[in-house]
Amino acid sequence: MANILPFSVCMIVRNESHHLPKALASVKGIAAEIVVVDTGSTDDTVSIATAMGAKVLHFEWIDDFAAARNAAIEAATQPWILSLDADQMLANDSASLLASALQRTDCMAQVVTIDLYGPS
């Protein structure tokens, strides 16, 4: 699927250089934008996200996942949001389902399959 869809991928990350490339690759080329909120990484997380085309914001960690997630959502510019963790990826078969759902006018949410690939 090569169509860019009107959704923003929103992620909060910290020291996820090992996982981030796979997560970003799963949505690159289909998401209109990727917003990565970094909460204080000391590894290559920020440079990886930038190199892969993500909009990177810095957010001082205040021990509040919701605040960090909301910062990502506030920075998003698309009408739909996909919240993704760095150790998750959008399943291949979900892209076509997502495309169909986003064309509907009576759809307020869409369930997609997210694969957790975790530590390796």
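Q: Any chance you could explain the overall build of the protein here in plain terms?
A: The secondary structure content of the protein amounts to 4 helices and 6 strands. Along the protein, from the amino end to the carboxyl end, the secondary structure elements read β-α-β-α-β-α-β-β-α-β. Partitioning the contacts of the protein with sequence separation of at least 6, the portion at a separation of at least 24 is 72%.

Q: Looking at this structure, I do not really get the nonpolar core. What am I missing?
A: The nonpolar side chains of a soluble globular protein tend to be buried, and buried together. Ranked by size, the top nonpolar core spans 27 residues in total, and within it F7, V9, M11, L20, L24, V27 and V36 carry the most contacts. For this core, the secondary structure elements donating two or more residues are β1 (5–13), α1 (20–25), β2 (31–38), α2 (45–51), β4 (80–83) and α4 (94–102). Considering each element in turn, this core owes the most residues, 5 residues, to β1. Those residues in contact with F7 that sit more than four places away from it in its chain are I30, A31, A32, E33, Q78, W80, L82, L98 and L102.

Q: I tried to follow the pairing of β1 on my own but got confused; where do I start?
A: Consecutive side chains of a regular strand alternate in pointing toward one face of the sheet and then the other. For β1, the buried fraction is high: 8 of the 9 residues fall into the buried class. One ladder, built from 7 bridges, connects β1 with β2; its direction is parallel. Bridging across to β2, L5 finds its partner in A31. Each parallel crossover has a hand, and for β1 linked through α1 to β2 it is right-handed. In this sheet, β4 lies alongside β1 in parallel orientation, the contact comprising 4 bridges. What sits directly across from V9, in β4, is L82.

Q: Mind showing me how you'd approach α4 here?
A: Residues three or four positions apart in an α-helix share a direction because the helix packs 3.6 residues into each turn. Residues of α4 that are buried: S94, A95, L98, A99, A101 and L102. Taken down its axis, α4 places every buried residue within 165° of arc, on the same side. Turning to α4, the residues buried within the fold contact β1, β4 and β5 (88–90).

Q: Whenever I open this one, the packing of aromatic side chains confuses me. Can you help?
A: In this description, an aromatic ring pair is defined by two values, namely the gap between the centres and the angle between the planes. Scanning all chains against the criterion turns up 1 aromatic pair. With a centroid separation of 4.8 Å and an interplanar angle of 65°, the aromatic rings of W61 and F65 are classed as edge-to-face.

Each value, and the rule that gives it
- Residues numbered from 1 in each chain as written.
- Predicted model: local features only at pLDDT ≥ 70, side-chain atom pairs only at ≥ 80, totals over all residues.
- Heavy atoms only, no water.
- Helix = DSSP H or I, 4+ residues; strand = E, 2+ residues; numbered from the N terminus.
- Contact = heavy atoms within 4.5 Å.
- Core = buried A, V, L, I, M, F, W, Y, C linked by side-chain atoms within 4.5 Å.
- Buried < 20%, exposed > 50% of the residue type's maximum accessible area, 1.4 Å probe, protein only.
- Pairing = 2+ DSSP bridges.
- Right-handed = clockwise from strand over helix to strand, strands pointing away.
- Arc of directions from axis to C-beta.
- Phe/Tyr/Trp six-rings, centres within 6.5 Å; stacked < 30°, edge-to-face > 60°.

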